[in-house]
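Tertiary structure, described
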Amino acid sequence: MKKFMAMTMAMVLAMGTLAGCGGGGSSDTASGDIPVIGISQYGQHASLDNCREGFLLGLEEAGLVEGVDFEIDYQNAGFDDNIATQIAQNFSANDVALMCGIATNAASACYAAAEDKNIPVIFTAITDPVKAKLDSGNITGTSDKLPIEAQLQLIREMQPDAKTIGILYTTSEPNSVSAVEEYQAKAADYGFTIEAVGVMQQAEVVQAADTILKKGVDCLTNLTDNNVVGVLDSVLEKTNEAGIPVYGSEIEQVKKGCVASAGIEYISLGKQTGMMAAKILKGEATAEEMPYETVTDFEIYVNPDAMAELNLNVAVEGAKDVTAE
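As a starting point, this report considers the structure included with it.

Conventions and cut-offs
Residues numbered from 1 in each chain as written. Predicted model: local features only at pLDDT ≥ 70, side-chain atom pairs only at ≥ 80, totals over all residues. Heavy atoms only, no water. Core = buried A, V, L, I, M, F, W, Y, C linked by side-chain atoms within 4.5 Å. Buried < 20%, exposed > 50% of the residue type's maximum accessible area, 1.4 Å probe, protein only. Helix = DSSP H or I, 4+ residues; strand = E, 2+ residues; numbered from the N terminus. Contact = heavy atoms within 4.5 Å. Salt bridge = Lys/Arg side-chain N within 4 Å of Asp/Glu carboxyl O. Phe/Tyr/Trp six-rings, centres within 6.5 Å; stacked < 30°, edge-to-face > 60°. Lys NZ or Arg CZ within 6 Å of the ring centre and 35° of its normal.

Re the nonpolar core
Counting residues in each nonpolar core, the largest one holds 49 residues, and the members touching the most others are Phe55, Leu59, Met99, Ile122 and Leu134. For this core, the elements supplying multiple residues, two or more each, are β1 (36–41), α2 (46–61), α3 (81–93), β3 (98–102), α4 (104–114), β4 (121–126) and α11 (266–282). By residue number, the principal contributor to this core is α4, which donates seven residues. Once residues within four sequence positions are removed from consideration, Ile122 is found in contact with Phe55, Leu98, Met99, Cys100, Gly101, Thr140, Gly141, Thr273, Met276, Ala277 and Ile280. Within the second largest apolar cluster, 30 residues are counted, among which are Ala150, Ile155, Leu223 and Ala262.

Focus: the pattern of salt bridges
When the charged atoms of two side chains lie near each other, side chains of opposite charge can form a pair. What the rule picks out here adds up to 11 salt bridges. The residue Lys117 makes a salt bridge to Asp95 at a minimum N-O spacing of 2.8 Å. Taken as a pair, Lys117 in the loop between α4 and β4 and Asp95 in the loop between α3 and β3 lie far apart in primary sequence, 22 residues in all. Residue Lys117 is classed as partly exposed on the basis of its relative accessible area, which comes to 39%. Judged by its relative accessible area of 52%, Asp95 is exposed.

Focus on the packing of aromatic side chains
Under the defined criterion, the tally for this structure stands at two aromatic pairs. A centroid spacing of 5.6 Å and a plane angle of 90° characterise the contact between Tyr42 and Phe79, whose relative ring orientation is edge-to-face. Taken together, the residues Tyr42 in the loop between β1 and α2 and Phe79 in the loop between β2 (71–76) and α3 connect sequence positions 37 residues apart. Relative to Tyr292, the ring of Phe123 has its centre 6.5 Å away and its plane inclined at 50°; by these criteria the two rings are tilted. Residue Phe123 is found in strand β4, and its partner Tyr292 is found in the loop between α11 and β11 (293–294); the two are separated by 169 residues along the sequence. The exposure class of Tyr292 is partly exposed, given its relative accessible area of 29%. Taking the ring centre of Tyr74 as reference, the NZ or CZ of Arg52 above it sits at 4.2 Å. Taking NZ or CZ as reference, Arg156 lies 3.9 Å from the ring centre of Phe192, over its face.

Topic: the side chain of Thr239
Within the secondary structure, Thr239 is located in helix α9 (residues 232–242). Judged by its relative accessible area of 0%, Thr239 is buried. For Thr239, the residues in contact, after removing those within four places along its chain, are Leu213, Leu220, Ile244 and Val246.

Considerations on unusual backbone geometry
When glycine is set aside, most residues are seen to have a negative phi, and most peptide bonds are trans. In this model, Ala103 sits at a positive phi of 90°, which is unusual for a non-glycine residue. As for its placement among the helices and strands, Ala103 is situated in the loop between β3 and α4. For Ala103, a relative accessible area of 0% corresponds to the buried category. Here Ala125, not a glycine, exhibits a phi torsion of approximately 65°, which is positive. Ala125 sits in the buried class, given a relative accessible area of 11%.

Below, the structure is given as structure tokens:
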């Protein structure tokens, strides 16, 4: 009986060892051969979604195939800084090959988590990488710096008698602060003054819209501020009721109901970022060797329905009609 039990136990142990070797070996091979790109998107709205879509297209256009040359671990922080930090730390713990941060808060969290392990980081949808302190080290990416002078010229063309432009922005967002400062510096050249109202978090934006409308602004110009863009529908409800036009900063905001925008196209921005990421994965360049790139091409977009609702009967030469898409 003792001999039989000993033999049985030996067989069980042997089978367990074989099963462990087979399963572990297969898993390690799959994960070890294909580099993982961790994508951290700060929150969900159309512009940031377009950046992610473009990023994947850029990798594809560079000749890389998902599932063969790379795998994607996509995470969304829901506009929560703590979650953005957790996502980045998980990427670092899992030793991803590359982190992609979409929007400043996500990119900053990735950079902080990647630094000790020297994991390359690439960013997109950041207006001012220098102000965000993401312009040096093992990091690069693309800037969506706003064409502010073109926007001021567009507003003047559409509202010849306007005097005051309102801006809602997040005071802790370096890119928004930078954009507001540039608007304030250049507004007088086009006969405007700027009335800016800052918020600390998204929950304050709608109330801030009430505040800025009481200041007698002739219109609002929107930034790429994620807290504001995240509740743009609610802001537009208030401005439309007050008869105040809102100018967007890119095409998706115009589709939502802003009257017009001088802005870039975010799928193209993401695509440019993906092409840069491909160079890193292919070993053609390091993130540190590649300076960040700024997209300077922009289009004028108009929403005729939103314009008609606010009695803006102006023909803007060369503008793209978003309702025709």
